[in-house]
Amino acid sequence: MAQPIPSQLTAASLAANATRLVRTGRERAGRAWAAAVPDGSPQARVLGTGWGVIARPYVHVLLLAGLAVVLAASFGFDSYRGAIVLTLVMYAIAALGLDIPVGFSGVLSIGHGAAFAVGMYTAAIASGTHTLPIWLALPIAFAVGAAIGLLMAIPAGRLGGLGLAVVSLGFVLVLADVVRWWDSLTGGVNGIPAIMSRWSFERSGAILDQAELLYVTVAVFVLAYLAHWYFRSASVGRSAVAAKCDPIGAGALGISPYRTRLYTFTLGSGIGAIAGGINGYVVSYVSPASITVDLSFLFLVMVVLGGAGSRIGSVLGAIVIGGLPIWLSEHPTLNVILYAAMLLLVVRFRPSGIIARRATAVRLARPPAVPNQPTGQADAPAKAAEPVIRAENVSKQFGGLVAVDGVSLTARPGEVIAIVGPNGSGKTTLLNLLSGLYPIDGGTLEVAGTRVDRLSRRRLPRLAVARTFQTPKIFPDLSVAEHLHLAARRPVHHRAPAEREAFERIAFSLLDATSLPVDRVQSAADLSHGQLRFLEIAVAVSRAPRALLLDEPATGLGPSEIELLSDTVRRVAALGCAVLLVEHHLELVHAVADRAVVLHLGEVLWAGPPAEIGSSDRVRDAYLGVGV
Ligand code: ADP
Ligand code: MG
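Residues numbered from 1 in each chain as written. Chains lettered and ligands numbered in written order. Predicted model: local features only at pLDDT ≥ 70, side-chain atom pairs only at ≥ 80, totals over all residues. Heavy atoms only, no water.

Position of P609 among the secondary structure elements: in the loop between β12 (603–608) and α23 (617–624). Assessed through its relative accessible area of 39%, P609 is described here as partly exposed. In the structure, P609 is positioned 14 residues away from R595 in sequence and 4.9 Å away in space, judged by C-alpha atoms. (Helix = DSSP H or I, 4+ residues; strand = E, 2+ residues; numbered from the N terminus. Buried < 20%, exposed > 50% of the residue type's maximum accessible area, 1.4 Å probe, protein only.)

This part is about the nonpolar core. Residues F221, L511, L535 and L548 are the most contacted members of the largest nonpolar core, which totals 146 residues. The element best represented in this core is helix α4 (residues 80–105), accounting for 16 residues. Each of domain 2 (57–291) and domain 3 (389–624) contributes no fewer than three residues to this core. Listed in part, the 29 residues of the second largest apolar core include L409, A411, L431 and A464. (Core = buried A, V, L, I, M, F, W, Y, C linked by side-chain atoms within 4.5 Å. Domains from an automatic or database assignment.)

Quick look at the site of ligand 1 now. In the vicinity of ligand 1, the contacting residues are F398, L401, A403, P422, N423, G424, S425, G426, K427, T428, T429 and Y438. Note that an oxygen atom of ligand 1 is positioned 2.5 Å from one of the side-chain N or O atoms of T429. Separating a nitrogen atom of ligand 1 from a side-chain N or O atom of Y438 is a distance of 3.1 Å. Expressed as a share of its isolated accessible area of 560 Å², the protein-covered part of ligand 1 is 63%. Breaking the shell around ligand 1 down by element, the ones donating at least two residues are β4 (401–411) and α16 (427–434). If one sorts the elements of the shell around ligand 1 by residue count, α16 sits on top with three residues. (Near = heavy atom within 4 Å. Polar contact = N/O pair within 3.5 Å; in protein donor to acceptor, adjacent residues only side chain to side chain. Areas by Shrake-Rupley, 256 points an atom, 1.4 Å probe, with all protein chains shown as cover.)

As a further point, take the coordination of the magnesium ion (ligand 2). Every protein donor of the magnesium ion (ligand 2) is accounted for by T428 (OG1) and Q470 (OE1), and the metal-donor separations fall at 2.0 to 2.3 Å. Of this pair, T428 sits in helix α16 while Q470 sits in the loop between β8 (465–467) and α18 (480–488), placing them 42 residues apart in sequence. For T428, a relative accessible area of 25% corresponds to the partly exposed category. For Q470, a relative accessible area of 37% puts it in the partly exposed group. (Donors = N, O, S within 2.8 Å, 3.2 Å for Na, K, Ca; no water.)

Turning to a nonpolar patch on the surface, a few remarks are in order. On the surface, a nonpolar cluster with roughly 620 Å² of combined accessible area is contributed by L173, V174, V178, W181, W182 and L185. Take the nonpolar patch: its biggest share by element is four residues, from helix α7 (residues 161–181). Secondary-structure assignment places L173 in helix α7. (Patch = residues over 30% accessible without salt bridge, like charges linked within 9 Å, V, L, I, M, F, W, Y side chains within 5 Å. Salt bridge = Lys/Arg side-chain N within 4 Å of Asp/Glu carboxyl O.)

Moving on, we come to the sheet that holds strand β11 (residues 595–600). Ordered by their spatial adjacency, six strands build an open sheet running β8-β9-β10-β5-β11-β12, and the pairing between neighbours is mixed. The open sheet terminates on both sides in strands that have one partner only, identified here as β8 and β12. The mean inter-strand angle of the sheet, taken between neighbouring strand axes irrespective of direction, is 20°. Contacting β8 and β9 (547–551), helix α20 (residues 529–541) runs over the sheet at an angle of about 165° to β9. This element, helix α21 (residues 559–574), spans β5 (416–420), β9 and β10 (578–582) of the sheet and lies at about 150° to β10. (Pairing = 2+ DSSP bridges. Axes fitted to C-alpha atoms, helices over the stretch in contact; angles between N-to-C directions. Contact = heavy atoms within 4.5 Å.)

Let's shift gears to the environment of A359. In this structure, A359 sits in the loop between α15 (332–349) and β3 (389–398). Classification of A359 by relative accessible area gives buried; the value is 5%. With 118 residues separating them along the chain, A359 and D477 place their C-alpha atoms 5.6 Å apart. Leave out the neighbours within four places in its chain, and A359 touches R232, D477, L478, S479, E482, V521, Q522 and S523.

Our focus in this paragraph is the packing of aromatic side chains. One pass over the full model with this rule turns up seven aromatic pairs. Each ring, one from F77 and one from Y215, has its centre 5.8 Å from the other, and the planes form 70°; the classification is edge-to-face. With F77 in the loop between α3 (57–75) and α4 and Y215 in helix α9 (residues 210–233), this pair connects stretches of sequence that are 138 residues apart. Clustering of aromatic rings is evident, with ring pairs tying together Y91, F116 and F299. Taking the ring centre of Y258 as reference, the NZ or CZ of R158 above it sits at 3.8 Å. Lying across the ring of F469, R467 places its NZ or CZ 4.0 Å from the centre. (Phe/Tyr/Trp six-rings, centres within 6.5 Å; stacked < 30°, edge-to-face > 60°. Lys NZ or Arg CZ within 6 Å of the ring centre and 35° of its normal.)

Here it is as structure tokens:
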């Protein structure tokens, strides 16, 4: 009699067991690491938990580089397979470069082949037409490629990701024609032959052999890998990721999504051009025929298949996609079928690529705990101080609809103003005006003593204003610590370190109170609603704002969370920050607000002490829709 298959042995449970094994393995490695590194030490904070030493990028990259050299040496540097290793390392450099705009900015650059070709021609002109050594030609290729990338991104970046994709595609198509036409520089249709890689300036100088060329390529790979890592770990790359995840949320932190696209595209194109330059030395002959759109798509597939935003993913993509046609050159049909099958499988099972890297570790300094904190009211600045926000008669129209209609409002330091009103009464639009998200259509607006009627939308957040949104705007590709890091790097203007610390202390107490995983390198995407809400508030607070604008923060929170919220509002106000609280939750309004303003159909219907809101007939009519 056949034994029934034990239930643990079904495919699904096998897969689940395997995943669990890998996970516990990682956790054990993480614990061993944590034991080796004292808690709270800089290393522990940089790495978070869960990964061992192997997780460090410079260990990764040295292992990969060593592997490439050992493989090429064992095949023979001059052998066919040795040349394949060199080509794949070159592809990996190109893929890492492309992953910077694709993975960080979410820009599908179809024009990476253009940067590659520009680099190829730069190296060819430098070392073929002229006799520049390779160590000079490759940096020049980087600079020219970066300049071309910047030129493409300046107009196209305004159009957003898709615009950049289309413009960059157009650029590849035009480039071959430009090269053909500009024959004094590029040799026209004949191209440039005999591109020599030398160390020295002399034409007679020794030419790099295959081994040396591989070493140079591997060295460039290490640099590209570390550049990718550094860019992502630095504030600029983190801002790019934030702008990709949510341009409006990033804008509220003073980040310009357009600028982040310029940076990613420029750096990526420069790295792509170096890879192209190396390719010039490998093939030692360039012509317009080598500029094809196919190559651009190949690079894009490498990055998307490997996992956009992941260094290892890009390298893996380059090896698989770049290697397949070489390995299967004798079976071209099989090659195409495999490609298709692989793409389908990846799209079906791992839509964000084979290796999807999200959050990165970040060094986040906790503000020092102060034993005797200033006790709110006593230290609060006099409320007669210069207003933080002075809006006179501001209005905003959407087509024929007047969403905000001549509202005047003054907020002084430390004052909590509740803005109440039925849905559609213009509360959010008013916050959008006061935070600079929308320009005002009429009236005057003064923030922190500066007339801001005409300021761009990034200036107001930088000047004084932090805000949250009706639906929390957080950045799912960043960890909790990265959110805080981003905000801490963007305090509002002219805040002394001591002031900033006081705000950061409030932000950290929110993280602790809501158990936000600040020490874990884990995407903030899977947090609960309350955690998202408080993360967003913590981010806004840690910018040490002069005015904090909260749009219906109590929605969806439980009683204890609302308690935490009102406590936070009080603490922030006690530091002299004006708080504008859009809220339906009247108990909260009563508990924290100094004044209440009721909006109706875009106009101020009533203003007065919060306790009296309920007793106003006009307000009751507005809420019941009876009209006034
Ligand atoms: P509230 O936050 O008080 O519920 P809003 O400020 O969101 O109200 O909306 C006020 C009015 O303005 C609504 O009629 C809304 O449809 C309209 N509105 C808000 N934002 C826009 C926009 N971006 N485009 C067009 N209409 C808008
Ligand atoms: Mg609203």
